[in-house]
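Listed here are the chains, written in short residue letters.
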Amino acid sequence: MSKPIRVTVWNEGRHEKTNATVRKVYPLGMHTVIAKGLEAAGGFTVRTATLDEPEHGLTEAVLDQTDVLTWWGHMAHADVQDAIVQRVQKRVLEGMGLIVLHSGHFSKIFRALMGTNCSLKWREVAEKERLWVIEPSHPIAEGLGEYVELPNTEMYGERFDIPTPDELVFISWFEGGEVFRSGCCWRRGHGRVFYFRPGHETYPIYYNPEIQRILANAARWATPRLIKADNCPNTKAFEAIPPRTVDMTFSTGSCGSAPVVS
Ligand code: ZN
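Residues numbered from 1 in each chain as written. Predicted model: local features only at pLDDT ≥ 70, side-chain atom pairs only at ≥ 80, totals over all residues. Heavy atoms only, no water.

## Focus on the sheet that holds strand 8 (residues 179-188)
The 9 strands are arranged 2-1-3-4-9-8-7-5-6 in an open sheet whose pairing can be described as mixed. What marks the edges here is a single partner per strand, and that holds for strand 2 (44-50) and strand 6 (147-157). Going from strand to strand, the sheet's axes swing by 25 degrees on average, the running direction of each strand aside. The sheet contact formed by strand 8 and strand 9 (residues 191-196) spans 6 bridges and is antiparallel. The residue bridging Arg 188 from the neighbouring strand is Gly 191, located in strand 9. (Pairing = 2+ DSSP bridges. Helix = DSSP H or I, 4+ residues; strand = E, 2+ residues; numbered from the N terminus. Axes fitted to C-alpha atoms, helices over the stretch in contact; angles between N-to-C directions.)

Have a look at this one:
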């Protein structure tokens, strides 16, 4: 039996503290529901971490023991310390998987890894979403049908200002007419990054068995194949290179004359 995948489920956890509607949907925080879904899938050891813990629950020791980190944030992106964002980014580049959920599109860590604004259109009227599986052979789509239908969601619409994904697994259609790239994969350094759109805090999205299956599939896909610290070595040649003297004469071809050294 292969070793369990170590997942850390990170949640900002502020809506649950301040909004009665959200507390009703996720009385123990949405991180506990996401974590339980992964545990039920099997093959994972799961811990949770939240913004209001020391170092946001993401100490060096926690990240060292994390294969895949999931990230849900919304109202308090600015409260995430830059030093912790840099620590997570470094770990992704070394090989840790990262799954960014829903409003995490505007998190510091996602924007740092994408290098773009990550902006989009949005509307909250509890409309229907049809999440189309456009790469059924992709590991993240394993076990799904042609689409997943969510009766009540917040709409996210294009243009989503992201770099073109390396692989696109899901495209959403919304009742109001918009479409959105809802399941996007990238590689950053040795790490794998997956953005997954559904998960607005006032709807019970993370209780949905198909959504739980997608998150488990994504965590398996994002598991590191390699963890390697970055370096930039000055390196010896593999083969012997005879001693050379550098030719200091410059070409005077059609591209211009030799620079004048005064
Ligand atoms: Zn939302």
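## Description of the side chain of Arg 91
Along the chain, Arg 91 turns up in helix 5 (residues 82-94). The exposure class assigned to Arg 91 is buried, which follows from its relative accessible area of 12%. At 3.3 Å, the side chain of Arg 91 forms a polar contact with the backbone oxygen of Leu 63. Contact partners of Arg 91, with chain neighbours within four places excluded, come to Leu 63, Asp 64, Met 96 and Ile 227. (Buried < 20%, exposed > 50% of the residue type's maximum accessible area, 1.4 Å probe, protein only. Polar contact = N/O pair within 3.5 Å; in protein donor to acceptor, adjacent residues only side chain to side chain. Contact = heavy atoms within 4.5 Å.)

## Some details on the nonpolar core
One finds Leu 38, Ile 140, Phe 170, Phe 194, Phe 196, Tyr 206 and Ile 214 to be the most contacted residues of the largest nonpolar core, which totals 39 residues. It is helix 7 (residues 209-222) that contributes the most residues to this core, 8 residues altogether. Ala 49, Leu 51, Met 114 and Tyr 195 belong to the second-largest nonpolar core, a separate cluster that totals 32 residues. (Core = buried A, V, L, I, M, F, W, Y, C linked by side-chain atoms within 4.5 Å.)

## Observations regarding the pattern of salt bridges
Under the defined criterion, the tally for this structure stands at 17 salt bridges. Here Arg 14 makes a salt bridge to Asp 52, at a shortest N to O gap of 2.8 Å. In this pair, Arg 14 is assigned in the loop between strand 1 (5-11) and helix 1 (15-18) and Asp 52 in the loop between strand 2 and helix 4 (60-64), connecting sequence segments 38 residues apart. The salt bridge partner of Arg 130 is Glu 149, with a shortest N-O separation of 2.8 Å. Highlighted residues: Arg 130 in strand 5 (residues 121-133) and Glu 149 in strand 6, separated in sequence by 19 residues. Residues joined in a network through salt bridges with shared partners are Arg 14, Lys 17, Asp 52 and Asp 79. (Salt bridge = Lys/Arg side-chain N within 4 Å of Asp/Glu carboxyl O.)

## With respect to the pairing of strand 4 (residues 97-101)
In the case of a regular strand, side chains alternate between the two sheet surfaces. Within strand 4, 5 of the 5 residues are buried, which leaves it mostly tucked inside the rest of the structure. With burial as the criterion, each face of strand 4 is covered, one bearing Gly 97, Ile 99 and Leu 101 and the other bearing Leu 98 and Val 100. Both strand 3 (residues 68-72) and strand 4 contribute to a ladder of 5 bridges, which runs parallel. Directly across from Leu 69, in strand 4, lies its bridge partner Leu 98. Regarding the hand of the β-α-β motif, the stretch spanning strand 3, helix 5 and strand 4 is right-handed. In this sheet, strand 9 lies alongside strand 4 in parallel orientation, the contact comprising 4 bridges. From the neighbouring strand, Ile 99 faces strand 9, where its bridge partner is Phe 194. (Right-handed = clockwise from strand over helix to strand, strands pointing away.)

## Focus: the pairing of strand 8
Of all 10 residues in strand 8, 8 are buried, a share of seventy percent or more. Where strand 7 (residues 167-174) meets strand 8, 6 bridges bridge the pair, whose relative direction is antiparallel. Counterpart to Trp 173 in the pairing with strand 8 is Val 179. Here strand 7 hands over to strand 8 after 4 residues, with Gly 177 in that stretch at a positive phi of 115 degrees. What sits between strand 8 and strand 9 in their antiparallel hairpin is a turn of 2 residues, with Gly 189 showing a positive phi close to 60 degrees.

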